[in-house]
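# Descriptive structure summary
Spelled out, the chains give:
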Amino acid sequence: GSSGINAEYGQGAMYAFPRIDLPAGAVEKAAEAGMEPDFMYCSELLEATGICVVPGSGFWQMPGTYHFRMTILPPKEQLEVFLDKLAVFHRQFTEKYSPQNGS
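The text that follows walks through the structure, step by step, so that each part is easy to find. (Residues numbered from 1 in each chain as written. Predicted model: local features only at pLDDT ≥ 70, side-chain atom pairs only at ≥ 80, totals over all residues. Heavy atoms only, no water.)

### Remarks on the nonpolar core
Condition: As used in this record, nonpolar core signifies buried Ala, Val, Leu, Ile, Met, Phe, Trp, Tyr and Cys residues forming a set joined through side-chain atoms within 4.5 Å. Exposure is judged per residue with a 1.4 Å probe applied to protein chains only, and the accessible area is read against the type maximum: over 50% gives exposed, under 20% gives buried, and values in between give partly exposed. Here a strand is any run of E in DSSP of at least two residues, a helix any run of H or I of at least four, and the numbering for each starts at the N terminus. Here a residue-residue contact requires only that any non-hydrogen atoms of the pair lie within 4.5 Å.
Tyr41, Val53, Phe68, Phe82 and Phe93 are the most contacted members of the largest nonpolar core, which has 19 residues in total. The biggest single contributor to this core is helix α3 (residues 76–97), with 6 residues. Leave out the neighbours within four places in its chain, and tyrosine 41 touches Ile20, Leu22, Phe68, Leu86, Phe89, His90 and Phe93.

What follows is the structure, encoded as structure tokens:
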């Protein structure tokens, strides 16, 4: 750019800040418990998998959006294991807090 500073997103970064879609049931359950929905998500992720990430609610995210911060420094093999576990957890979390269809 004209300022002499160029950025390629993700290059050299220590953290990723993925956005997560949470079902309304999870948002309601978190409100009943007096906590932010992404905090509840991160707590359940830690309990279920041993994976520790930081809720995005501590980082001034846009209202109505949910994120977490994770380090992206581990070796690729460890990051792949993390992403696999995260995918399984997210699917289970979404199913747990989604309304049941057809019953």
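Okay, back to it.
### Describing the packing of helix α2 (residues 37–49) against α3
What counts is decided by this rule: A fitted line through C-alpha atoms serves as each axis, taken over the contacting stretch for helices, and the angle formed by two N-to-C directions is quoted from 0 to 180°. In this scheme, roughly parallel covers angles under 35 degrees and roughly antiparallel covers those over 145, while 65 to 115 is roughly perpendicular and the rest are oblique. Each crossing is labelled by how the near helix is turned from the far one, with a counterclockwise turn of less than a right angle marking it left-handed and a clockwise turn marking it right-handed. In this classification, the charged set is Asp, Glu, Lys and Arg, the nonpolar set is Ala, Val, Leu, Ile, Met, Phe, Trp, Tyr, Cys and Pro, and all remaining amino acids, among them Gly, are polar.
Remark: α2 packs on α3, axes separated minimally by 11 Å, with the N-to-C direction vectors making an angle of 120°. Comparing their axes, α3 and α2 come out oblique. Taken as a pair, α2 and α3 cross one another with a handedness that is right-handed. Of α3, the residues touching α2 (which contributes Met40, Tyr41, Glu44, Leu45, Ala48 and Thr49) are Lys85, Leu86, Phe89, His90, Phe93, Lys96 and Tyr97. Residue composition of the contact of α2 with α3, by class: 8 nonpolar, 2 polar and 3 charged.

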